Amino acid sequence: MPAKRKTTTRTKTQAKTRTGLKTLAIDIGGTGLKALVVDDAGKALTDRARIETPHPATPKAVLAALMKIIAPLGVFDRISCGFPGVVIDGVVNTAPNLGDAWRGFQLQATLQKSFGKPCMVLNDAGVQGHGVVEGKGVEMVLTLGTGMGCALFLDGKYVPNLELAHHPFKGKKTYEDYVGNAEREKVGNKKWNKHVKKVLEQIQPIFNPRHIYLGGGNAKHLKIDLPKNVTVTENIQGLLGGVRLWS
Ligand code: BGC
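Residues numbered from 1 in each chain as written. Predicted model: local features only at pLDDT ≥ 70, side-chain atom pairs only at ≥ 80, totals over all residues. Heavy atoms only, no water.

**Considerations on the packing of helix 4 (residues 124-132) against helix 8 (residues 237-244)**
For any two helices packed against each other, the geometry comes down to the angle between their axes and how far apart the axes lie.
Part 1: Direction vectors running N to C along helix 4 and helix 8 enclose 75°, while the axes themselves pass 6 Å from each other. It follows from the interaxial angle that helix 4 and helix 8 lie roughly perpendicular. Taken together, the residues of helix 8 that come into contact with helix 4 (itself represented by Val 127, Gln 128, His 130, Gly 131 and Val 132) are Gln 237, Gly 238, Gly 241, Gly 242 and Arg 244.
Part 2: Taken together, the residues that form the contact of helix 4 with helix 8 break down as two nonpolar, seven polar and one charged. (Axes fitted to C-alpha atoms, helices over the stretch in contact; angles between N-to-C directions. Helix = DSSP H or I, 4+ residues; strand = E, 2+ residues; numbered from the N terminus. Parallel < 35°, antiparallel > 145°, perpendicular 65-115°, else oblique. Contact = heavy atoms within 4.5 Å. Nonpolar A, V, L, I, M, F, W, Y, C, P; charged D, E, K, R; others polar.)

**Examining empty space enclosed by the protein**
Vacant regions in the atomic arrangement are exposed by a probe of water-molecule size rolled over the atoms.
Part 1: Applying the stated criterion across every chain, the model contains one cavity of 30 Å³ or more.
Part 2: What the largest cavity holds in volume is close to 40 Å³.
Part 3: Lining the largest cavity are Asp 27, Lys 34, Arg 48, Asn 235, Ile 236, Gly 238 and Leu 239.
Part 4: Across the lining of the largest cavity, the residue classes break down as two nonpolar, two polar and three charged. (1 Å grid on protein atoms, 1.4 Å probe; cavity = no way out; pocket = protein on both sides within 12 Å on 5 of 7 lines; lining within 4 Å. Points joined across faces, edges and corners; volume = space filled by probe spheres on them.)

**Quick word on the pairing of strand 1 (residues 23-28)**
Part 1: Strand 1 sits mainly inside the fold: six of its six residues count as buried.
Part 2: Of the two faces of strand 1, the one holding Thr 23, Ala 25 and Asp 27 and the one holding Leu 24, Ile 26 and Ile 28 are both buried throughout.
Part 3: Two elements, strand 1 and strand 2 (residues 32-38), share six bridges in a ladder whose sense is antiparallel. Residue pairing in the sheet places Asp 27 in a bridge with Lys 34 of strand 2.
Part 4: Hairpin connection, strand 1 to strand 2: the antiparallel pair is bridged by three residues.
Part 5: Note that strand 1 and strand 4 (residues 78-83) share five bridges and pair parallel. Paired with Asp 27 across the bridge in strand 4 is Gly 82. (Buried < 20%, exposed > 50% of the residue type's maximum accessible area, 1.4 Å probe, protein only. Pairing = 2+ DSSP bridges.)

**Focus on the site of the ligand**
Part 1: For the ligand, the full set of nearby residues is Pro 84, Gly 85, Pro 96, Asn 97, Asn 123, Asp 124, Gly 147, Met 148, Gly 149, Glu 163, His 166 and Glu 176.
Part 2: Take Asp 124: an N or O atom from its side chain is 2.5 Å from an oxygen atom of the ligand.
Part 3: Within the side chain of His 166, an N or O atom sits 2.7 Å from an oxygen atom of the ligand.
Part 4: If the ligand stood free it would expose 310 Å²; the protein chains cover 95% of that surface.
Part 5: Judged by its atoms lying within 2 Å of the grid points, the ligand is housed in the largest pocket.
Part 6: Grouping the constituent residues of the shell around the ligand by class yields three nonpolar, six polar and three charged.
Part 7: Viewed by domain, the shell around the ligand spans two of them, domain 1 (23-126 + 240-246) and domain 2 (135-235), each represented by three or more residues. (Near = heavy atom within 4 Å. Polar contact = N/O pair within 3.5 Å; in protein donor to acceptor, adjacent residues only side chain to side chain. Areas by Shrake-Rupley, 256 points an atom, 1.4 Å probe, with all protein chains shown as cover. Sits in = over half its atoms within 2 Å of the grid points. Domains from an automatic or database assignment.)

**Quick look at the sheet that holds strand 9 (residues 148-154)**
Part 1: Strands sit in the order 10-9-8-13-14 across an open sheet of five strands; the sheet is mixed. In this open sheet, the two strands that pair with only one neighbour each are strand 10 (157-159) and strand 14 (230-232). Taking the axes of each pair of neighbouring strands and ignoring which way they run, one obtains an average angle of 25° across the sheet.
Part 2: Here strand 8 (residues 138-144) pairs with strand 13 (residues 211-215) via five bridges, running parallel. Within the sheet, the bridge partner assigned to Met 140 lies in strand 13 and is Ile 212.

**A short note on the sheet that holds strand 1**
Part 1: Spatially, the five strands line up as an open sheet ordered 3-2-1-4-7, and their pairing is mixed. Because the sheet does not close on itself, it has two edges, and the strands there are strand 3 (49-52) and strand 7 (119-123). On average, each strand axis in the sheet is inclined to that of its neighbour by 15°, with strand direction left out of account.
Part 2: In the sheet, strand 2 pairs with strand 3 via four bridges, with the strands oriented antiparallel. Residue pairing across strands places Ala 35 opposite Ala 49, the latter belonging to strand 3.
Part 3: With respect to the sheet, helix 3 (residues 107-115) is in contact with strand 1, strand 4 and strand 7, its orientation differing from that of strand 7 by roughly 150°.
Part 4: Its contacts with the sheet place helix 4 against strand 1, strand 4 and strand 7, and it is angled at close to 105° to strand 7.

**Here we look at the domain arrangement of the protein chain**
Part 1: Segmentation of the protein chain into domains returns domain 1 (23-126 + 240-246) and domain 2 (135-235).
Part 2: For domain 1 and domain 2, the distance between their C-alpha centroids amounts to 22 Å.
Part 3: With 14 residues of domain 1 at the interface, the matching set in domain 2 holds 14 residues.
Part 4: Carbon and sulfur atoms make up 49% of the area that domain 1 and domain 2 hide from each other, which totals about 910 Å².
Part 5: Where domain 1 packs against domain 2, one counts zero salt bridges.
Part 6: The interface formed by domain 1 and domain 2 contains three residue pairs in polar contact (both at pLDDT 80 or more). (Buried area = accessible area lost by both parts, 1.4 Å probe. Salt bridge = Lys/Arg side-chain N within 4 Å of Asp/Glu carboxyl O.)

Below, the structure written as structure tokens:
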């Protein structure tokens, strides 16, 4: 008589993740630090852990805070990290909302060494974009949070570090001065919505994108009627996009 096959109570999700790699997705923001582990299909395997960004937000303080929230998340095979500034080859070039101490900081190498896992660090809007773009024509991502993130994709290929945020927008005000969180808090949501509308009207005829995806923590405050080619994406995409960086 053939031996009875052992039955297991493994769920479908567990079965799927057994074959794939687990990615620790980190989002370093000016207001909050977030992390979660996702499977190779971009499905969250843990809750999203969050902690306020320490002030002053030096590399040492931010990394210590990150360690705290990452420790309980369990095992993972690789790391993706979105950073709020220009990142070139894993090295931080600018960090307008965190401080000058980041200039030249080897963030990718540091995370890689700290966890002993391969790591990729990109501008935060770039990571978010990887999670949402369709891969057709010119697609743009604008994130509305502490700062204004911006990412450009052509046929799914990321054009890194397009820093519209600090470009002059109106008078002495930059795009970020106009739609960043400090301005929203100052003028209120109603007026801030009008500002976002103006920014969209300015950007559309310059880049002529097929689609613009709006994300970031403040996207939830949007009340304006958006043009047909503009949609609001969920903020969690910023973390889930981290998986697609590897494909
Ligand atoms: C930075 C961008 C970043 C954005 C959102 C801006 O101040 O210059 O690189 O993507 O904030 O964090």
